[in-house]
Amino acid sequence: MVGDGHVEKRSKDKKKKKKQKRGGGKKKMTAEQSLAFNSVTEWVYLDQSHSSSSSEDDFGVHQILNRAVDNNVVFELHSHSNFSDGYLSPSKLVERAHCNGVKVLALTDHDTMSGIPEAIETARRFGIKIIPGVEISTIFSQRGSESEEPVHILAYYSSCGPSKYEELENFLANIRDGRFLRAKDMILKLNKLKLPLKWEHVAKIAGKGVAPGRLHVARAMVEAGHVENLKQAFARYLYDGGPAYSTGSEPLAEVAVQLIHRTGGLAVLAHPWALKNPAAIIRKLKDVGLHGLEVYRSDGKLVAYTDLADTYGLLKLGGSDYHGRGGHGESELGSVKLPVLVLNDFLKVARPIWCGAIKEILESYADEPSDSNLSHITRYGRGKMLKRNYPLNCGKGLVDECLSLWLTNEERQSAEFEAIKLKLSHVSINQG
């Protein structure tokens, strides 16, 4: 009997230890992490906090009630849809992000922001916040050298979008036009290499109105039987400087960074590990206003690029660069887990920039309350705004609504915003 009791006690102790081990796997936050977490979640759930007072969005209410127990806020800062070279529509991309626990998704299609409205509309149903973004194709040319290197710059904007939308759109349209010419040149080079490919085939894969990229050409090569897979297409023919590689009308990387600054965005260098001379590029771009670079991947943090970021005082960020092509070589959406201190640093830099851009957009409308300037305010949030219970015909009411969706109470308390509201207090809005 005594022996049996001893065995039973040991068994209970083992179970207790196992339970403690399971529960102890989650590290307790430090005071600094806790403050950062509160600041990040305040911003993440800003528009949902606002919606919880009404019955308009029950899912939003559900998110607010449960966010306190979710200590893991997943930001996905690099993703693509079929508006560029991704496989999924913006709606499907958002759905997948939701299934993977993503709370904030930056849609960063190549040289276009056309997929953002669809992403935002779908994200409302899933309680996900969308950061309007774009990955800009550029060229870096070293002084005194004839060689050029392709460089991709990520731009992140406020919920209101770029402050000078037309300027950015014209800039991106020029790059997209060059992508059409570039794809045709790649096809021509492949044909000369005795790998027959038709423009119509590539255009069909890209989809109507989508500027084709190397990935679309690679997919056409696979379908035509010229290569076994996408990796082979790039390794043999389409890599930078490869036999079928071609450039388009990409601007200089420095010019793109300066434009992002001018239009109220945050500029981040994408996948620096793909560059031949990252240190020289980072140094040059820092001089013209680069804010950060990607150092985190799904397989962890890259020490060499972390050191470069520290050397030049840049934000350390990262994302999956998800395209939805599947296979073992692709990181899953939301697989890059950025630490909460990193997210807080990102928002500490981004939010004042975004606040300034929002102010600029609202001031333009207050100075000239035209339909054109109104469209800049409602471009990415029209559906949500129109369902609110405020006088739609009142300019001040619209501004109040926008600010409550986009900014915290502290950010809204400024003399500039009060002056804008005063200007718009007698402005009526054409509900058409």
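None of these values were measured; they are calculated from a predicted model.

*Asks:* Looking at this model, I keep getting lost on the side chain of Glu135. Mind explaining?
*Replies:* Looking at where Glu135 falls in the secondary structure, it is placed in strand β3 (residues 129-141). Of the buried charged residues, Glu135 lacks a salt bridge, with Arg179 as the closest side chain of opposite charge at 8.6 Å. Within polar-contact distance, the side chain of Glu135 engages the side chain of His271 at 3.2 Å. If we skip the residues at most four places from it in the chain, Glu135 touches His78, His80, Thr108, Asp109, His110, Asp111, His152, Ile153, Leu154, Ala270, His271 and Asp321.

*Asks:* How do you make sense of unusual backbone geometry when you look at a structure like this?
*Replies:* Backbone geometry places His271, a non-glycine residue, at a positive phi of 25°. Tracing the sequence through the fold places His271 in the loop between β5 (266-269) and α12 (278-287). Unusually for a residue other than glycine, Asp321 sits at a positive phi of about 55°. For Asp321, the position within the fold is in the loop between β8 (315-318) and α14 (340-367).

*Asks:* Got a minute to help me understand the packing of aromatic side chains in this structure?
*Replies:* The relative placement of two aromatic rings is captured by the distance of their centres and the angle of their planes. Evaluation of the coordinates by the stated rule reveals six aromatic pairs. Three or more aromatic residues joined by ring pairs form one cluster here, namely Trp43, Phe75, Tyr156, Phe346 and Trp354. One residue, Arg219, lies across the ring of Tyr87, its end atom 4.1 Å from the ring centre. The aromatic ring of Trp273 is capped on one face by Arg297, whose charged end is 4.9 Å from the ring centroid.

*Asks:* Would you mind showing me how to read the environment of His426 here?
*Replies:* Structurally, the position occupied by His426 is in the segment after α19 (415-424). Taking the C-alpha atoms as reference, His426 lies 7.2 Å from Gly395; in sequence the two are 31 residues apart.

*Asks:* Any chance you could explain the pairing of strand β6 (residues 292-297) here in plain terms?
*Replies:* Look at any regular strand and the pattern is simple: side chains alternate between the two faces of the sheet. Most of β6 sits inside the fold, with five of its six residues counted as buried. With two bridges connecting them, β5 and β6 associate as parallel partners. Among the inter-strand pairings, Leu269 is bridged to a residue of β6, identified as Leu293. Across four bridges, the pairing between β6 and β8 is parallel. Its bridge partner lying in β8, Tyr296 is registered against Gly318. Pairing geometry for β6 and strand β7 (residues 300-301), over two bridges, is antiparallel.

About the cut-offs
- Residues numbered from 1 in each chain as written.
- Predicted model: local features only at pLDDT ≥ 70, side-chain atom pairs only at ≥ 80, totals over all residues.
- Heavy atoms only, no water.
- Helix = DSSP H or I, 4+ residues; strand = E, 2+ residues; numbered from the N terminus.
- Buried < 20%, exposed > 50% of the residue type's maximum accessible area, 1.4 Å probe, protein only.
- Lys, Arg positive; Asp, Glu negative; His and termini not counted.
- Salt bridge = Lys/Arg side-chain N within 4 Å of Asp/Glu carboxyl O.
- Polar contact = N/O pair within 3.5 Å; in protein donor to acceptor, adjacent residues only side chain to side chain.
- Contact = heavy atoms within 4.5 Å.
- Phe/Tyr/Trp six-rings, centres within 6.5 Å; stacked < 30°, edge-to-face > 60°.
- Lys NZ or Arg CZ within 6 Å of the ring centre and 35° of its normal.
- Pairing = 2+ DSSP bridges.

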